[in-house]
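The primary structure of each chain is shown beneath.
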Amino acid sequence: MKRSFSPDRSWEKVRRSRHSDIFPDSDDSGSDPADDDTQTRRMLCEFLLQWEPAEPEPFYQATGYEQMPMPVGEGRGKVVFCIDSATKSPFYTRSRVGGSRAPAKGPAFCEAGGDGTALAFESRFQSGNLQKAVRIGVYDYELTLRTDLYTTKHTQWFYFRVRNMKAGVTYRFTIVNLMKSRSLYCLGMKPLLYSERAARDQGAGWGRVGSDIKYYRNQSEHGGQALYSLTWTCQFPHEADTCYLAHCYPYTYSDLLRYLTAVTSDPATAVHCKLRVLCRSLAGNAVHVLTITSPSSSRAKRAVVVTARVHPGETCGSWVMQGLLDFLLSDAPDARLLRDTFVFKVVPMLNPDGVVVGNYRCSLAGRDLNRNYCTLLRDSFPCVWHTRNMVKRLVAEREVVLYCDFHGHSRKNNVFMYGCDSKNGAAPRLQSRVFPLMMSKNTGNQFSYKSCKFKVHKSKEGTGRIVMWKLGITNSYTMESTFGGSTLGSRKGTHFSTKDLKSLGYHFCDTLLDYFDPDTAKVHQCLMELKTLLRQEIRQKLGKEIPWLTKETGQRGPPWVPASSSCTSTTGQIPLLEDKPVKVVFFLGRSG
């Protein structure tokens, strides 16, 4: 549904908030501990927030001739950057914004002297991740990512700085310790590059970059697990520049705090929201919760709960969250209607420790928080323990009509949702699918309903989605936004930008208005469409599993059932709205 609000919000208030006023000692965006260029850091933050590419950036088109270099390691190369192992570095004390007050330790090794032509790498800044760089050719570098702290896995997110480059020279980077067998890089996704010189001179921000991109198994193992490589080549736009390379658009804990400071210090937005600290993380970082509603009495209002960044490397979730907050706190008529109708409880960053240290999936407990919402260990998993208890209290106080956790996805394109199927009949099953279907209609070239899943797997019982569903929230979802882009409509074959991701937050709000509209025509229309889709899905599955259901056989039922049997046939009506729909596949298990 098209509405009057534009997702492109003016960022003047955010840009005016002074980073040093909030975090006087933090090492935020990209300078190493020995080079504290505050002005450059502020400039980086400003351009991160305001720049968008003029046109959608296309996927990489594979040629079939991409190189697949195998790891050679230190034996045949020269280590030019290597940080200490996690157990020896001051990561834990510096995982709080502001870090330790003691001087930072230097890396275990950085190239000094030599011919001076090697790239200078750095990743010891907020959300940075690069463990080691080995120079294996004049312009060829083999990179190793740091695993999530206190684990031996979860290598996916990368974010590091490069200096001392030459313009017009083709460099090759190969990450050699990735652990997933499939990746969006196989489907055309490109890495991201940010140039400080381009930002200063041309107003450019993060952009897709890379040629000869290949993701492949590299014949190495780690602890018995196969390792994969990502290789690409690129040219830097300027000589002697400072550049950053990343897996996805970075969104740090400091970025969030700057944003929260801006909206709570602006009288126009502060009147609609209350900010408080839900709890403290293991490293002492504040986990914030925003309550957004109109100033009028909220006793009779229903509630909506939205969370993000339980997985720290899934930065796209934060950009979607920012788009949602932009809209909810705006003066658009539909935003006012939402605030008048609902109480929003928003936890914008569930895992700040993981975000600060550059983890991909885990907290400082070395565990995936999105498998621990059932935990009784408050001191080990404070962020999800307090979030679950907050929702439990909210459910006891008022009706919570929807819960959604914003994530990022590394293997599928587009945006989609995971929901929870009810066992109480087909009608509730259809109802839980209505919101995702509406979302797909409101974001036609971004959201794929076909990619949505609704099964409740035992292995996922500790996720926020399923735990909140078991608390009684029927519409309980995970929304996955791709690291890549779209394969739909006019946006087919193009990457998502931060503007695209923020627009999803607006469309989420737009869909809330459609779903809870007192005029139920749209909901009814979606239910009818869902019945048709489910009927087609069932017939397709039965047709694949049971050969005698094909039209060519002329058979109306299984061979052992007489033609006069009352068994549902392929031409019969499948009773989707009954409590127990007919499952013809059961005939395959007969014993007599």
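Residues numbered from 1 in each chain as written. Predicted model: local features only at pLDDT ≥ 70, side-chain atom pairs only at ≥ 80, totals over all residues. Heavy atoms only, no water.

- As recorded in an unreviewed UniProt entry, the chain goes by the name Cytosolic carboxypeptidase 2, listed as coming from Scleropages formosus.
- Of the comments in the UniProt record for the chain, the one headed Cofactor (unreviewed entry) reads "Zn(2+)".
- Note on the chain: under the UniProt heading Catalytic activity (unreviewed entry), the record states "(L-glutamyl)(n+1)-gamma-L-glutamyl-L-glutamyl-[protein] + H2O = (L-glutamyl)(n)-gamma-L-glutamyl-L-glutamyl-[protein] + L-glutamate". (UniProt positions renumbered as here; feature names shortened; annotations may be inferred.)

## Focus: unusual backbone geometry
Part 1 of the reasoning: One non-glycine residue, Asn 164, lies in positive phi territory at about 70°.
Part 2 of the reasoning: Tracing the backbone shows Asn 164 in the loop between strand E6 (159-163) and strand E7 (170-178).
Part 3 of the reasoning: Judged by its relative accessible area of 36%, Asn 164 is partly exposed.
Part 4 of the reasoning: A positive phi is found at Arg 309, a non-glycine position, where the angle reads about 60°.
Part 5 of the reasoning: By secondary structure assignment, the location of Arg 309 is in the loop between strand E15 (302-308) and helix H8 (316-328). (Helix = DSSP H or I, 4+ residues; strand = E, 2+ residues; numbered from the N terminus. Buried < 20%, exposed > 50% of the residue type's maximum accessible area, 1.4 Å probe, protein only.)

## A look at the UniProt feature "active site" (unreviewed entry) in the chain
Part 1 of the reasoning: Taking the numbering used here, the UniProt-annotated feature "active site" (unreviewed entry) corresponds to Glu 480.
Part 2 of the reasoning: Along the chain, Glu 480 falls in strand E19 (residues 476-482).
Part 3 of the reasoning: Residue class for Glu 480 comes out buried when judged on its relative accessible area of 8%.
Part 4 of the reasoning: Residues within four places of Glu 480 in sequence aside, it is in contact with His 407, Gly 408, His 409, Asn 414, Val 415, Phe 416 and Tyr 418. (Contact = heavy atoms within 4.5 Å.)

## Details of the pairing of strand E14 (residues 286-292)
Part 1 of the reasoning: Most of E14 sits out of view: 7 of its 7 residues are buried.
Part 2 of the reasoning: Both strand E13 (residues 273-280) and E14 contribute to a ladder of 7 bridges, which runs antiparallel. Across the sheet, Arg 280 pairs through a bridge with Ala 286, a residue of E14.
Part 3 of the reasoning: When E14 meets strand E16 (residues 342-347), the two strands line up antiparallel, connected through 3 bridges. Within E16, the residue paired with Ile 292 across the bridge is Phe 344. (Pairing = 2+ DSSP bridges.)

## Comments concerning the packing of helix H9 (residues 333-341) against helix H14 (residues 498-515)
Part 1 of the reasoning: One way to put it is that H9 packs onto H14 with a least axis distance of 11 Å and a crossing angle of 60°. In terms of their interaxial angle, H9 and H14 are classed as oblique. The crossing of H9 and H14 is left-handed. Residues Asp 334, Leu 337 and Leu 338 of H9 lie in contact with H14, whose contacting residues are Cys 509, Leu 512 and Leu 513.
Part 2 of the reasoning: The residue inventory of the contact of H9 with H14, partitioned by class, reads 5 nonpolar, no polar and 1 charged. (Axes fitted to C-alpha atoms, helices over the stretch in contact; angles between N-to-C directions. Parallel < 35°, antiparallel > 145°, perpendicular 65-115°, else oblique. Left-handed = near helix turned anticlockwise from the far one by under 90°. Nonpolar A, V, L, I, M, F, W, Y, C, P; charged D, E, K, R; others polar.)

## With respect to the confidence of the model for the chain
Part 1 of the reasoning: Confidence in the prediction for the chain averages 83 pLDDT; 78% of positions are at 70 or higher.
Part 2 of the reasoning: In the predicted structure, residues 86-93 sits below a pLDDT of 50 and forms 16 contacts with residues beyond four places in sequence or in another chain.
Part 3 of the reasoning: In the model, residues 545-592 has pLDDT below 50 throughout and makes 52 contacts with residues more than four positions away in sequence or in other chains. (pLDDT = per-residue confidence, 0-100.)

## Some words on the nonpolar core
Part 1 of the reasoning: Formed by 116 residues in total, the largest nonpolar core has its most connected members in Phe 121, Phe 173, Phe 406, Met 479 and Phe 508.
Part 2 of the reasoning: A domain split of this core shows at least three residues from each of domain 1 (55-87 + 106-246) and domain 2 (253-537).
Part 3 of the reasoning: Residues within four places of Phe 121 in sequence aside, it is in contact with Val 80, Phe 81, Leu 130, Ala 133, Tyr 141, Leu 143, Phe 160, Arg 161, Val 162 and Phe 173.
Part 4 of the reasoning: If you look at the next biggest cluster of nonpolar residues, it comprises 22 residues, including Tyr 373, Tyr 403, Val 467 and Met 468. (Core = buried A, V, L, I, M, F, W, Y, C linked by side-chain atoms within 4.5 Å. Domains from an automatic or database assignment.)

## Side note on H14
Part 1 of the reasoning: With 18 residues, H14 extends 26 Å from end C-alpha to end C-alpha; this agrees with the ideal 26 Å at 1.5 Å per step.
Part 2 of the reasoning: Burial analysis of H14 places 17 of its 18 residues in the buried class, the great majority of the element. (Expected span 1.5 Å × (residues − 1).)

## Considering the side chain of Asn 285
Part 1 of the reasoning: With respect to the helices and strands, Asn 285 occurs in the loop between E13 and E14.
Part 2 of the reasoning: A residue is classified by how much of its surface remains accessible, and Asn 285, at 2% relative accessible area, is buried.
Part 3 of the reasoning: A distance of 2.8 Å separates a polar atom in the side chain of Asn 285 from a polar atom in the side chain of Asp 353. (Polar contact = N/O pair within 3.5 Å; in protein donor to acceptor, adjacent residues only side chain to side chain.)

## Describing the sheet that holds strand E3 (residues 120-122)
Part 1 of the reasoning: Across the sheet, 5 strands lie side by side as E3-E6-E12-E8-E9; this open sheet has antiparallel pairing. Every other strand in the sheet has two partners, leaving E3 and strand E9 (207-208) as the edge strands with one partner each.

## What to know about the packing of aromatic side chains
Part 1 of the reasoning: Counted according to the given criterion, the structure contains 30 aromatic pairs.
Part 2 of the reasoning: Between Phe 173 and Phe 236, the aromatic rings sit 6.2 Å apart at their centres with planes inclined by 80°, giving edge-to-face as the arrangement. Within this pair, whereas Phe 173 is found in strand E7, its partner Phe 236 is found in the loop between strand E11 (225-235) and strand E12 (242-246), the two being separated by 63 residues in sequence.
Part 3 of the reasoning: Among the aromatic residues, those joined into a ring-pair cluster are Phe 121, Tyr 139, Tyr 141, Phe 158, Phe 160, Tyr 171, Phe 173, Trp 232 and Phe 236.
Part 4 of the reasoning: The residue whose ring lies beneath Arg 378 is Trp 385, and the NZ or CZ to ring-centre distance is 5.4 Å.
Part 5 of the reasoning: Here Lys 412 stacks its cationic end above the ring of Phe 416, 5.1 Å away from the centre of that ring. (Phe/Tyr/Trp six-rings, centres within 6.5 Å; stacked < 30°, edge-to-face > 60°. Lys NZ or Arg CZ within 6 Å of the ring centre and 35° of its normal.)

## Quick look at the pattern of salt bridges
Part 1 of the reasoning: Summed over the entire model, instances satisfying the criterion amount to 16 salt bridges.
Part 2 of the reasoning: Between Asp 368 and Arg 361 there is a salt bridge; the shortest N-O distance is 2.9 Å. There is no split in this pair, since Asp 368 and Arg 361 are both buried.
Part 3 of the reasoning: With a closest N to O distance of 4.0 Å, Asp 379 and Arg 378 form a salt bridge.
Part 4 of the reasoning: Since its relative accessible area comes to 63%, Asp 379 is described here as exposed.
Part 5 of the reasoning: Within the structure, one salt-bridge network assembled from shared partners comprises Arg 197, Arg 200 and Asp 201. (Salt bridge = Lys/Arg side-chain N within 4 Å of Asp/Glu carboxyl O.)

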